[in-house]
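Chain by chain, the residues run as shown.
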Amino acid sequence: MVPDLPRDGPAGHGRRLFVAGAGAAGTTLALALVRHGHGAWTPAEIACRTHARAQSRRDLIGSGEAVTLEALADPRRPSGPGPALLLIAVPDRAIGPVAEQLAARPWPDTCVALHLSGSVEIEALAPLARARLSIGGLHPLKSFVDPDRDADGLAGTVMALEGDAEALAEGRRIAAALVARPFELAPGRRAAWHAGAAHACNHFVALVDQALDLLELAGLPRDAGRAALVPLLAGTLEHLADLPPAQALTGPVVRGDLQAVERHLKVLADEPADVNAAYRALARRATELAAAQRGLPDDVAAALRRTLENDR
């Protein structure tokens, strides 16, 4: 049972939902609230840069009015009475300017504005705070590609929340409705939060691409290499679900196999510099994990550190 959902809006429909920037993230969250919010959020206006794009997103969400971002910010446009949720899901660089434009519209005092950025501080919404809206940030730690599919996959997702009291309360209501896991982010730490997420997710994809280069060098075509790596990576993720990183670590470093690492580096010497640098940096981190928490002998750890110095 979902607790504490708002149901005090017009005709018992809860908060009216306004979406500024219905890209993958904004559309996914709006669609998830429609499907799983138990009627607590009712789409009112779905806005994109062009009306055609807004209409396609509105059609996917299933209700609300398709408008342009310019129309959403029109100061002559009434917002209606009662509670409202304004989701701002435009690109990071546009959050401040869009907030400035939206602040000119007469929003109800009970409106909460949440941006979905992981790295932009909530001060970017200051124009809306001056317009007497509650402001905050809600960042789901999840990749969004296909809103129709992703809207049904938010259960268990960690959502970083920040903001004033009402914004935090609204974020918790959203997390509860979607069976997500709310996490209150410390002020001023959004860049660290987002860097951790990007390093783990985006750079993981880049790392796999580097690994495919090496498998291709070994004679395995890239598509076959990707198919070969997926089960290996899936097993590693399963270990990480149950164990801290040091305990999930496998391979030559944790075994203290200096000769294997030297053979790797010999191959990497003729590969692109980014592959060589990434291997050395991550192997050094693995060395420190193994030395601190897996009993790697000091002399072996010292030899690995010397071998993994940046000189090619």
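Everything here concerns the structure above.
Residues numbered from 1 in each chain as written. Predicted model: local features only at pLDDT ≥ 70, side-chain atom pairs only at ≥ 80, totals over all residues. Heavy atoms only, no water.

Colleague: I'd like a rundown of the packing of aromatic side chains, residues and numbers included.
Modeller: Within this structure, the stated rule accounts for 2 aromatic pairs. Between Phe18 and Trp107, the ring centres sit 5.1 Å apart and the planes meet at 85°, which makes this aromatic pair edge-to-face. One end of the pair, Phe18, is in strand β1 (residues 15-20); the other, Trp107, is in the loop between α4 (95-102) and β5 (111-115), and 89 residues separate them in sequence. For the pair Phe18 and Trp107, a shared accessibility class is recorded, and that class is buried. In this structure, Arg105 is placed above the aromatic ring of Trp107, and the distance from its NZ or CZ to the ring centre is 4.8 Å. (Phe/Tyr/Trp six-rings, centres within 6.5 Å; stacked < 30°, edge-to-face > 60°. Helix = DSSP H or I, 4+ residues; strand = E, 2+ residues; numbered from the N terminus. Buried < 20%, exposed > 50% of the residue type's maximum accessible area, 1.4 Å probe, protein only. Lys NZ or Arg CZ within 6 Å of the ring centre and 35° of its normal.)

Colleague: Tell me about the environment of Pro97, and please be specific about residues and values.
Modeller: Relative to the assigned elements, Pro97 resides in helix α4. Judged by its relative accessible area of 46%, Pro97 falls in the partly exposed class. Separated by 115 residues in the primary sequence, Pro97 and Leu212 have C-alpha atoms spaced 41 Å apart.

Colleague: How would you summarise the nonpolar core if you had to cite specific residues and measurements?
Modeller: Nonpolar side chains tend to gather and get buried jointly when the protein is soluble and globular. Counting residues in hydrophobic clusters, the biggest one holds 34 residues, and the most contacted among them are Leu29, Leu85, Leu114, Leu138, Met159, Ile174 and Leu178. Among the secondary structure elements, those contributing two or more residues to this core are β1, α1 (24-36), β2 (41-48), α2 (51-61), β4 (84-88), β5, β7 (158-163) and α7 (165-177). Beyond its immediate chain neighbours, meaning those up to four positions away, Leu138 contacts Leu29, Leu114, His115, Leu116, Met159, Ala160, Leu161, Gly171, Ile174 and Arg190. Membership of the second largest hydrophobic core comes to 25 residues, among which are Phe18, Leu86, Ala103 and Cys111. (Core = buried A, V, L, I, M, F, W, Y, C linked by side-chain atoms within 4.5 Å. Contact = heavy atoms within 4.5 Å.)

Colleague: Give a detailed account of the packing of helix α8 (residues 190-217) against helix α9 (residues 222-242), specifying residues and quantitative values.
Modeller: Taken N-terminus to C-terminus, the directions of α8 and α9 make an angle of 125°; their axes are 9 Å apart at the nearest point. Classified by the angle their axes make, α8 and α9 are oblique. Two packed elements cross with a definite hand, and for α8 against α9 that hand is right-handed. On the side of α8, the interface is formed by Phe204, Val208, Asp209, Ala211, Leu212, Asp213, Leu215 and Glu216, while α9 contributes Arg222, Gly225, Arg226, Leu229 and Leu233. Of the residues in the contact of α8 with α9, the class split is 7 nonpolar, 1 polar and 5 charged. (Axes fitted to C-alpha atoms, helices over the stretch in contact; angles between N-to-C directions. Parallel < 35°, antiparallel > 145°, perpendicular 65-115°, else oblique. Left-handed = near helix turned anticlockwise from the far one by under 90°. Nonpolar A, V, L, I, M, F, W, Y, C, P; charged D, E, K, R; others polar.)

Colleague: Break down the pattern of salt bridges for me, citing the residues and quoting the values.
Modeller: Taken as a whole, this structure holds 20 salt bridges when the rule is applied. Among the salt bridges present, the one from Glu45 reaches Arg77, with a minimum N-O distance of 3.1 Å. In this pair, Glu45 is assigned in strand β2 and Arg77 in the loop between α3 (69-72) and β4, connecting sequence segments 32 residues apart. Through salt bridges with shared partners, a single ionic network connects Arg15, Glu166, Glu170 and Arg173. (Salt bridge = Lys/Arg side-chain N within 4 Å of Asp/Glu carboxyl O.)

Colleague: How would you sum up helix α14 (residues 298-307)? Please name residues and give values.
Modeller: Residues of α14 that are buried include every one of Ala301, Ala303 and Leu304, and no others. Down the axis, α14 shows its buried residues gathered within 160° of arc, on one side only. For α14, exposure combined with an orientation more than 90 degrees from the buried face picks out Asp298, Asp299 and Arg306. Against α11 (252-255), α12 (258-268) and α13 (273-293) lie the buried residues of α14. (Arc of directions from axis to C-beta.)

Colleague: I'd like to hear about the pairing of strand β6 (residues 134-140), residue by residue, with values.
Modeller: Summarising burial for β6: 7 of the 7 residues are buried, a large majority. In the sheet, β5 pairs with β6 via 4 bridges, with the strands oriented parallel. Following the sheet pairing, Ala113 is matched in β6 by Ile135. Relative to β7, β6 runs antiparallel, the two sharing 5 bridges. Counterpart to Gly136 in the pairing with β7 is Gly163. (Pairing = 2+ DSSP bridges.)

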